[in-house]
Amino acid sequence: MNDEEHLMTLNRTGGRFDLNKIAAAFPETADTMLLDTYLTDKPEASIRVFRIYREVPPHYHTQCDEVLHVLSGTGTFWIGDPKEEAPFAPGHLLVFPRRAVHAVPRILSHPVVFLAIDTPRRAPDDVVFVDPADGTPSGFIAGI
């Protein structure tokens, strides 16, 4: 079994993941705001690694709570109130309860990569932009 086949097996059953190797596999540019890859994907929870390519406007998720561990990059985020904008950096943990409006208004250093734990599973189309002109689920995120 090669490395890719082994990773696909782990995606279904759990296991050990090299987050640095996964993060390094993201391309330098993307047509969507984010790209992600699922590490586990069960109805009760999903674990993903994703990279942000540009600022993320105010949005929320209707189906899940989202817990983000910053793996690389720096920027700012807010949750609930744009006046509460705060920095994030590697090692920080950001917690966004379901339906809590949040945004990443500034990317200060690239690449911005997060480990995400979503409970229950975050469906790829579970994103609602506060201003619908800011985007659509298909323009928000795509898998690699």
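The residue numbers shown here count from 1 along each chain, following its written sequence. Where totals are concerned, whole chains, interfaces and linings use all residues; where local detail is concerned, this predicted model gives features only for residues with pLDDT of at least 70, and gives and counts side-chain atom pairs only at 80 or more. Side-chain metrics rest on all non-hydrogen atoms present in the structure, leaving aside hydrogens and water.

1. Notes on the overall build of the chain
- Going along the chain from the N terminus, every DSSP run of H or I of four or more residues is numbered as a helix, and every run of E of two or more is numbered as a strand. When its secondary structure is counted, the chain shows three helices and nine strands.
- Starting at the N terminus and walking to the C terminus, you meet the elements of the chain as α-α-β-β-β-β-β-β-β-β-α-β.
- The C-alpha radius of gyration of the chain comes to 15 Å, within 12% of the 15 Å expected for a compact globule of 144 residues.
- Dimensions of the chain, computed from the C-alpha atoms along their principal axes, are close to 50 × 30 × 25 Å.
- In the chain, which comprises 144 residues, the proportion classed as buried is 40%.
- In the chain, the share of contacts with a sequence separation of at least 24, taken over all contacts with a separation of at least 6, comes to 65%.
- Calculation of accessible area relied on Shrake-Rupley with a 1.4 Å probe; when residues are assessed, cover is drawn exclusively from the protein chains displayed. Total accessible area on the chain is roughly 7,700 Å²; 57% of this is exposed by carbon and sulfur atoms.
- Charged side chains in the chain number 13 positive and 20 negative. The centres of these two groups are separated by 3 Å. Here the radius of gyration uses the C-alpha set of atoms, whereas the globule reference equals 2.2 Å times the residue count to the power 0.38. Under the scheme applied here, a residue whose accessible area is under 20% of the maximum for its type counts as buried, over 50% as exposed, and between as partly exposed, the area being computed with a 1.4 Å probe on protein chains only. We call two residues in contact when some of their heavy atoms are within 4.5 Å. Positive residues here are Lys and Arg, negative ones are Asp and Glu, while His and the chain termini are left out of the count. Here the site of a charge means NZ on Lys, CZ on Arg, CG on Asp, or CD on Glu.

2. Examining the pairing of strand β7 (residues 102–119)
- Pairing between strand β2 (residues 45–52) and β7: seven bridges, direction antiparallel. In the sheet register, Ile47 faces β7, and the bridge partner there is Ile117.
- Strand pairing is assigned whenever DSSP detects at least two bridges linking the two strands. Sheet topology note: the strand β3 (residues 56–60)/β7 ladder contains two bridges and is antiparallel. Its bridge partner lying in β7, His59 is registered against His102.

3. Some points on the environment of Pro90
- Mapped onto the secondary structure, Pro90 falls in the loop between β5 (86–88) and β6 (93–96).
- Each C-alpha atom, one on Pro90 and one on Leu71, is 5.1 Å from the other, the two residues being 19 residues apart in sequence.
- Discounting chain neighbours no more than four positions away, the residues touching Pro90 are Val70, Leu71, Ser72, Gly73 and Thr74.

4. Topic: the UniProt feature "domain: Cupin type-2" (unreviewed entry) in the chain
- UniProt positions are given in the numbering used here, feature names are shortened, and annotations may be inferred rather than shown by experiment. If you check UniProt for "domain: Cupin type-2" (unreviewed entry), the listed places come out as residues 55–117 in our numbering.
- Annotation note: span residues 55–117, helix share 0%, strand share 68%, distance between end C-alpha atoms 21 Å.

5. Brief notes about the pairing of strand β1 (residues 34–42)
- Of all nine residues that make up β1, seven are buried, and the element is covered over most of its length.
- As defined by bridge partners, β1 adjoins β2 across eight bridges and the pair is classed as antiparallel. By the bridge assignment, Asp41 is partnered in β2 with Ser46.
- Hairpin connection from β1 to β2: two residues lie between these consecutive antiparallel strands.
- Relative to strand β9 (residues 141–143), β1 runs parallel, the two sharing three bridges. Bridged to Asp36 within β9 is Gly143.

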